[in-house]
Amino acid sequence: MKMRWDFLLHLFIFFVFATCVDAVQRFIEMPTYTEVNPGEDALLKCRISDKKGVCSWQKDNKPVGIYRGKYEWANENSPVGGDCSLWVRAATLQLDDGQWQCQVTASNYDVQDALSSPPAALAVRVPPQSPRILFNGSHVMPGQNITVPAGNRATVVCEARYGNPPAYIEWYLEKERLTAWSQTNASEVERPRVWAARSVLELGATRSAHGRQLACRAHHPSYPSPYYRDSYTMLDVTFVPVVSIIGGDASTLANLEEGSSALTLECKADGNPSPYVWWTKNGQVIATNGAKLILAPVARNHSGIYGCQARNSLGTSDSVKIEIDVKYPPRVTWIGPDTVVEANLFSQVTLDCKAEGNPPPSYTWYHTSASSARINSLQDGSYPISMTPQLQLHNVSYDQHGRYTCVATNQIGLEDRSHQSEAVTLNVLGPPVGADKGAAHAWSGGEARVAASVCADPPPRRAAWLWGSLRLDVPQTIGRYHSLEPATDGGCYRYTLLISNTAVADARDYVLHVENERGFSSHAVSLTVHDNFSLTETAHVAPLIAAALVIAALLVIVLCLIIRCRRRRESVEYKTEDLDSEKAALPADAVYTPRDTIRAPITAAMGANNASVMGGGTVIGASGGIGAGGIGAGNNSGSLGARYSPGALQVRRAAVVLQPPTTV
C-alpha cells in the first residue's frame with residue numbers, strides 16, 4: 001500500500017513539473033495611463049506569469065536603465081519573480097513625460113514568448129494658463145461684450161494653453177451648459193511637451209440671450225481646488241426678426257395625400273424694422289406669394305423640409321422649419337429577376353420586388369399554383385406565402401411551380417392602399433416525381449382502373465406499366481390490358497391502366513415507370529380484387545328488383561283508388577221526389593218520420609255502434625236509411641230509418657265525427 005502511495009506522489013510531482021516546464025510566460029498586468037504632479041513618484045505596473053526572461057523598460061521607443069533614486073524596480077526580486085513594475089522617482093516633464101513600454105525577453109533562445117506591452121502614457125502635470133475667450137479672431141478683454149445680431153450664429157473660441165495634460169473646456173450661458181462644436185488639443189510649437197486646448201462654440205443668438213453672461217471654464221487637476229478657472233464675457237444681442245409658421249398643425253400635415261389635399265402656410269415675422277420674408281425648401285430659396293406658401297393640390301415632389309426666414313437691416317432671423325410629407329399609394333416598380341424563371345428541382349430561387357410609396361409599403365407575395373390537382377393537394381387559387389420584399393424558395397418542388405405576384409400595401413389615413421405586380425412564372429425543371437405507393441380496387445368480373453400521377457418538366461417522353469414479366473408501354477393494348485394516354489394537368493400527368501374482365505388473379509402490384517430528359521422514376525400501385533358477388537349475378541337480380549318496384553307502385557295506386565271511392569260513398573245526394581209531400585217549412589234538422597217511432601231504434605243503435613261511428617263516420621245508404629256502421633242498418637223496408645234534409649245532413653256529419661249524434 002505504501003509503495004502505491006509513493007508511486008502516485010511521484011506521478012503527481014512529475015505532472016506538476018511537466019506542466020511548469022511547458023508553461024509560456026504572459027502578462028498578468030500591463031502598464032496603463034498614469035498622471036503625476038511634478039516631483040512626485042509614479043509607479044508603472046507590469047506583472048508577468050511564469051516569467052523566465054529578463055524585464056526591461058522603454059520610453060518613447062528608447063531603452064531605460066535602472067538607476068537607484070530615479071528608475072527602480074518596485075520589487076527587488078524582480079529578476080527571479082514575476083513583478084516587473086517600475087518606480088519613476090521625482091518625475092519631471094522633460095525626463096519622464098512620454099510613452100512607456102514593459103518588455104520581457106524570451107524564456108529561451110528557441111522559445112518565441114518574448115513580451116512587449118502596448119505604449120502607456122505617463123503624464124507629468126503642468127497647470128495651463130487661465131482660459132481666454134476669442135471672438136472674430138480677437139481676444140475679448142474682461143468686461144468687453146460680444147455683439148451678435150439675434151438669429152445669427154456667433155463662433156466663440158476659448159483657449160487654455162501650456163498645460164499637461166491638455167485642459168478640458170466647458171461653456172456656460174449663465175447656469176445653462178452649452179455644447180461646444182468641437183475641442184482640439186495640439187502641442188505647443190515652442191514647448192512640445194505641453195498642450196494648447198482650443199474649444200469652438202457655435203452660439204445661436206436670440207433676444208432672450210441679450211445681457212446674459214457667457215463663461216468659458218477650463219478644468220485641470222493641477223489647478224487649485226475646485227480645479228477649474230473661468231473666463232467671462234457678456235452677450236449683446238441686437239433685435240432681429242423672429243418668425244413662426246401658421247397653418248402647419250400636426251393633424252393637417254399627417255393627412256396630406258397626393259392629388260386630393262391642399263396646404264396653405266403663412267410665415268409670420270416679428271421684427272424691427274419690418275422684415276422681408278422668404279421661404280426655403282431643403283435649404284434652397286423658392287418662389288412664393290409673399291409670406292404665404294400655397295400648395296394646391298399637393299404632389300409627392302412637394303415633400304421636403306421647408307424653412308421660413310425674415311431679414312431687416314439688423315440681420316436675419318433663425319430659420320423655422322417644417323417637414324411636409326405627402327402620402328401616396330404604393331406602386332410596384334420592378335419585379336424579377338424576369339417574368340419567366342426556370343429552376344432545377346430542389347434548387348434555390350430568389351424573387352425580388354421593389355415598390356414606391358409613402359409611407360413605405362409592406363410586401364406580400366402570393367402563389368398561384370399552375371394546377372388545381374397536385375400530388376400534395378394545394379389550396380386552389382392564390383394564397384400568401386411571404387411578407388418580405390425578397391422571396392426565397394429553398395428546395396423548390398413541382399408544387400411551387402406556377403405564378404408569383406407581389407402586392408405592395410401601405411396605409412393612408414385609415415384606408416389601406418395596395419398595388420399588385422405582374423406575375424412571375426416559375427417553371428421547375430427536373431425528373432418525374434410522384435407518390436411511391438398507391439392503391440386501386442375492383443370487382444371480380446368488372447373493369448379495373450389502375451392509376452398513378454407524376455409531375456415532370458420537361459414532359460415525360462416514355463412511360464410503361466410493369467407487372468410480373470410483362471411490360472405495357474403507354475399507350476398500348478395487349479389482350480385485357482389497355483394503357484391510356486396520360487391526362488395532363490398543369491405539368492402533372494395521370495397514367496391509367498385498364499384491365500377488363502378482372503379476375504382475382506389480377507390482384508398484384510403494378511409498377512409505372514416514367515422517364516423524361518432529366519431522369520426517371522417508378523411508382524407502384526397495389527390492385528385489390530373483391531369477389532363478394534359477381535357483376536353477372538347483379539345483372540340477373542336487377543330485373544327482379546325492377547319488377548318488385550313496379551308491383552309496389554301498382555299496389556299503392558290501387559289503395560289510393562279504394563280510399564277515394566269510400567269517401568265518395570259517404571256523401572249522399574237526396575232527391576226531392578223521395579221526400580214526403582209535406583209543404584210546411586221545417587227546421588234544418590227535422591226528420592221526415594214520426595218521432596216516437598224512430599226514437600227507440602235510434603237510441604238503441606247509437607249505443608251499439610258508437611265506436612263504429614267514431615271510427616269511420618256515419619254512412620247513409622241509397623234507400624235513405626243509415627247504412628253500414630250507422631243507424632237502422634237492419635231495417636229492410638227503410639221506413640224506420642231517419643231521413644234528414646240536405647242542410648241537416650251537412651251539420652250532423654261534422655257532429656257525428658266529433659261527438660255522439662243528437663237523438664231526434
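Each chain has its residues counted from 1, running along the sequence as written. Local features in this predicted model are restricted to residues of pLDDT 70 or higher, and side-chain atom pairs are both shown and tallied only at a pLDDT of 80 or more, whereas totals for entire chains, interfaces and linings draw on every residue. Side-chain numbers come from the whole structure's heavy atoms, not from hydrogens or water.

Engineer: Explain the nonpolar core to me, using residue names and the numbers behind them.
Structural biologist: Nonpolar cores are built from buried Ala, Val, Leu, Ile, Met, Phe, Trp, Tyr and Cys residues. Side-chain atoms within 4.5 Å join them into one set. Here the term buried applies to any residue with accessible area under 20% of the maximum for its type, exposed to any over 50%, and partly exposed to those in between, with areas from a 1.4 Å probe on protein chains only. Grouped together as the largest cluster of nonpolar side chains are 27 residues, with contacts concentrated most on Ile-146, Val-156, Trp-171, Leu-214 and Leu-235. With four residues, strand S15 (residues 153-163) is the single largest residue contributor to this core. Residues Ala-42, Val-64, Ala-91 and Leu-115 belong to the second largest nonpolar core, which totals 25 residues. In this description a helix means any DSSP run of H or I spanning at least four residues, a strand means any run of E spanning at least two, and both kinds are numbered starting from the N terminus.

Engineer: Requested: an account of the pairing of strand S48 (residues 519-530), with residues and values cited.
Structural biologist: Should DSSP find at least two bridges between two strands, the strands are taken to pair. Sheet topology note: the strand S39 (residues 437-443)/S48 ladder contains seven bridges and is parallel. Across the sheet, residue Ala-440 finds its bridge partner in S48, namely Leu-527. The pairing of strand S47 (residues 509-516) with S48 spans eight bridges and is antiparallel. Each residue of the ladder has a partner; that of Asp-509, found in S48, is Ser-526. What sits between the antiparallel neighbours S47 and S48 is a turn of two residues.

Engineer: So, the state of the cysteines: which residues are in play, and what are the values?
Structural biologist: Disulfide: a pair of cysteine sulfur atoms within 2.5 Å of each other. Applying the stated criterion to the full structure yields six disulfides. At a sulfur-sulfur separation of 1.4 Å, the disulfide partner of Cys-267 is Cys-308. Residue Cys-267 is located in strand S23 (residues 263-270), and its partner Cys-308 is located in strand S27 (residues 304-312); the two are separated by 41 residues in the primary sequence.

Engineer: Give me the lowdown on the pattern of salt bridges, citing residues and values where you can.
Structural biologist: Whenever a carboxyl oxygen of Asp or Glu lies within 4 Å of a side-chain nitrogen of Lys or Arg, that contact is scored as a salt bridge. For the structure shown, the criterion picks out 24 salt bridges. The closest approach of N and O atoms between Glu-257 and Arg-417, which form a salt bridge, is 2.8 Å. Taken as a pair, Glu-257 in the loop between helix H3 (250-254) and S23 and Arg-417 in strand S37 (residues 415-420) lie far apart in primary sequence, 160 residues in all. Look at Glu-257 and you get buried, because its relative accessible area is 15%. Across the pair Glu-415 and Arg-417 runs a salt bridge, and its minimum N-O distance is 3.4 Å. Exposure remark for Arg-417: the relative accessible area of 18% places this residue in the buried category. Among the charged side chains, a network of salt bridges with common partners joins Lys-59, Asp-60, Asp-97 and Arg-193.

Engineer: Lay out the confidence of the model for the protein with the relevant residues and their values.
Structural biologist: Summary of the metric used: pLDDT quantifies the predictor's per-residue confidence within the range 0 to 100. Mean pLDDT over the protein works out to 80, with 79% of the residues at or above the 70 mark. It only takes one pair of heavy atoms within 4.5 Å for two residues to be counted as in contact. Considering only residues more than four positions removed or in separate chains, one finds that residues 372-380, a stretch of pLDDT under 50, has 20 contacts. Below pLDDT 50 for its whole length, residues 572-664 participates in 93 contacts with residues either more than four positions away or in separate chains.

Engineer: I'd like a rundown of unusual backbone geometry, residues and numbers included.
Structural biologist: Following Asn-164, the chain continues into Pro-165 via a peptide bond in cis, with omega recorded as -5°. Within the element layout of this structure, Pro-165 appears in the loop between S15 and strand S16 (168-173). Residue Val-474 is joined to Pro-475 through a cis peptide bond whose omega torsion reads -5°. Relative to the elements of secondary structure, Pro-475 occurs in the loop between strand S42 (470-473) and strand S43 (476-478). Even without a glycine there, the phi angle at Asp-60 is positive, about 50°. Tracing the chain through its elements places Asp-60 in the loop between strand S5 (55-59) and strand S6 (62-64). The class of Asp-60 is partly exposed, set by a relative accessible area of 31%. With phi around 70°, Phe-346 is a residue other than glycine that occupies positive phi space.

Engineer: Talk me through the packing of aromatic side chains; I want residue IDs and the actual numbers.
Structural biologist: For Phe, Tyr and Trp, where Trp contributes only its six-membered ring, two rings pair if their centres lie within 6.5 Å, and the inter-plane angle classes them as stacked under 30 degrees, edge-to-face over 60, or tilted in between. Inspection of every chain in the model, using the stated rule, returns five aromatic pairs. Note on Tyr-276 and Trp-278: the rings are 5.9 Å apart at their centroids and 25° apart in plane angle, and the pair reads as stacked. A relative accessible area of 10% places Trp-278 in the buried class. What links up through ring pairs into an aromatic cluster is the set Trp-57, Tyr-71 and Trp-100. We call a charge positioned above a ring when the Lys NZ or Arg CZ atom is no farther than 6 Å from the ring centre and deviates by at most 35 degrees from the ring normal. Between the NZ or CZ atom of Arg-300 and the centre of the ring of Tyr-328, over which it lies, the distance is 3.9 Å. Here the guanidinium or amino end of Lys-354 rests over the ring plane of Trp-334, the centre of that ring lying 5.5 Å away.

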